[in-house]
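Summary of the model geometry
One-letter residues, chain by chain:
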Amino acid sequence: MKSESMRIKEISLRQDPDLRKELALLARGCDFVLPSRFKKRLKAFQQIQVQSKKEEPLTPALSQNIPTFYFPRGCPQEKVNIDVVIAKVEQTFAQFPNERAALEDMGKVAKACECPLYWKGPLFYCAGGERTGFVSVHKFVAMWRKILQTCHDAAAKFVHLLKSPGCNYLVQEDFIPLLQDVVNSHPSLVFLKEASEFHSRYITTVIQRIFYTVNRSWSGRITCNELRKSSFLQNVAMLEEEVDINQLTEYFSYEHFYVIYCKFWELDTDHDLYIDPKDLAQHNDHAISNRMIERIFSGAVTRGKKAQKEGKISYADFVWFLISEEDKKTATSMEYWFRCMDLDGDGILSMYELQYFYEEQCQKLDNMAIEPLPFEDCLCQMLDLVKPECEGKITLRDLKKCKMANVFFDTFFNIDKYLDHEQKDQFSILRGVENENQEMSDWEKYAAEEYDVLVAEEAASDQWNDCYEPELNPGDHQKTNVLKYQMEKRPFFDMPSHLADVDLDDYDYDEDFE
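Residues numbered from 1 in each chain as written. Predicted model: local features only at pLDDT ≥ 70, side-chain atom pairs only at ≥ 80, totals over all residues. Heavy atoms only, no water.

Low pLDDT marks regions whose predicted coordinates should not be analysed in detail. Averaged over every residue, the pLDDT of the chain is 82; the share at 70 or more is 72%. Ranking the elements of the chain by mean pLDDT puts helix α28 (residues 469–489) last, at 38, and helix α20 (residues 331–341) first, at 97. Within the model, the stretch residues 469–503 combines pLDDT values under 50 with 53 contacts to residues more than four positions away or in other chains. Low pLDDT, under 50, characterises residues 510–514; the stretch is placed with ten contacts to residues that sit more than four places away or in other chains. (pLDDT = per-residue confidence, 0-100. Helix = DSSP H or I, 4+ residues; strand = E, 2+ residues; numbered from the N terminus. Contact = heavy atoms within 4.5 Å.)

Summed over the entire model, instances satisfying the criterion amount to 16 salt bridges. Of the charged contacts in the structure, one is a salt bridge between Lys 111 and Glu 240, with a shortest N-O distance of 2.8 Å. In this pair, Lys 111 sits in helix α6 (residues 106–112) while Glu 240 sits in helix α14 (residues 232–241), placing the two residues 129 residues apart along the sequence. With a closest N to O distance of 2.9 Å, Lys 401 and Glu 389 form a salt bridge. (Salt bridge = Lys/Arg side-chain N within 4 Å of Asp/Glu carboxyl O.)

Our next topic: unusual backbone geometry. Outside of glycine, negative phi angles account for most residues, and trans bonds account for most peptide bonds. One non-glycine residue, Trp 218, lies in the positive phi region at around 60 degrees. Given a relative accessible area of 7%, Trp 218 falls into the buried group. Here the phi dihedral of His 271 falls at roughly 55 degrees; this positive angle occurs in a residue that is not glycine. Looking at the secondary structure, you find His 271 in the loop between α15 (254–267) and β3 (274–275). A residue is classified by how much of its surface remains accessible, and His 271, at 21% relative accessible area, is partly exposed. (Buried < 20%, exposed > 50% of the residue type's maximum accessible area, 1.4 Å probe, protein only.)

Packing of helix α12 (residues 199–214) against α15 brings their axes to within 10 Å, and their N-to-C directions diverge by 100 degrees. One way to sum up the angle between α12 and α15 is to call them roughly perpendicular. Of the residues in α15, those touching α12 at Arg 201, Tyr 202, Thr 205 and Arg 209 are Tyr 254, His 256, Phe 257, Ile 260 and Tyr 261. Here the contact of α12 with α15 is composed, by residue class, of five nonpolar, two polar and two charged. (Axes fitted to C-alpha atoms, helices over the stretch in contact; angles between N-to-C directions. Parallel < 35°, antiparallel > 145°, perpendicular 65-115°, else oblique. Nonpolar A, V, L, I, M, F, W, Y, C, P; charged D, E, K, R; others polar.)

So this is what it looks like as structure tokens:
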């Protein structure tokens, strides 16, 4: 379509009598039309048009009328008086010898900065306290004044405190100072002071849970926007109010860490802190199909090259696996299993891919003397369950909309849970979906049940040892020593396949991230 200016120009050209006469002669093939004369007239006409445009009054730029709406570092707050906040900070530092604050004093400084208590570690390290062992009032005030001037909400301030120089995002290692301070000072974790070898294991677990929940882009880099959309900062603030850290089930629960680590330790028979496909196949008595385990080790959902090259995954990868396996209703778990089932990575589960995984399920059912449902019938059930927008093609968007992705996934690679779903009637499953907002999540239920089982087993073991202490005590001490030796032999927080170094293969999730 021609623009308005082009139409005006054409009309003006046609209205020029001399130019119209020469155009008519040129159309009849007359030899008397001189090209140079035609070009001269056309150039003069264009100059007139340009001058007339310059004389027209200019309208104000649209940008002057549109208010600023994008604030990557938070929307500025007019009510904040930076000088008043700085004065409070200086008064707090005046209480310390030589106006220098150690890490133990940073709780008071955090409160003066109007920050949650457990921001004290990041505040201390961002001001250079790690190098000298203390923070001077002048250095801290300069640092905090700059943050107040450039960062206007909690997410932006938090990222600025923890990030590495030159970055505007957080990677896994950036969370270590914060979590180490939580381990050292939270009342619920006092018992860990005598078991320092478990510090890194707990920290690793919490970091993986943070990225599992917050890093919705799977990039391995948490941005300010992702923090704002998550509940992580609220959970950090609740650390001060909640005496029992196990009540903070989203990230910090020690009981959840205990369940995850015990499950990993059972599978890691040689205790080298890696597990291979044979080890993972032992999970829940071979409940997961071998074809799905192959996909997990293919690199579809793991970081680093160790899974592909050596066929092993680390504890950090296992955290993602276990949470995804036990709760298939969350967005991350659906993405996790969708990536595994999408063999060609085109963002669509085809009928071939579904049949590929269902074949092994049929073999397992045959071995259990259970007649499997023909694939065509199973496919009809799943299509009725998911109701894909495009016939015969199931996308991640379809699975997230259907609210019953757990039933879909279990049908194709978890035989035990598939049989559980088959025994339930459709109405009970739908009632469970309707009431899921009122109850604990599937992961919280699983962790609570497993923790009770582990505690009961430990109590029974202690009672057995009390009855037969002379016979069993030496062996028990030997096992404890071996366990401690293995833990000291390899520091746990080396994260061989952490999310910070290597990006996962490009994957189309354009419909999932608003």
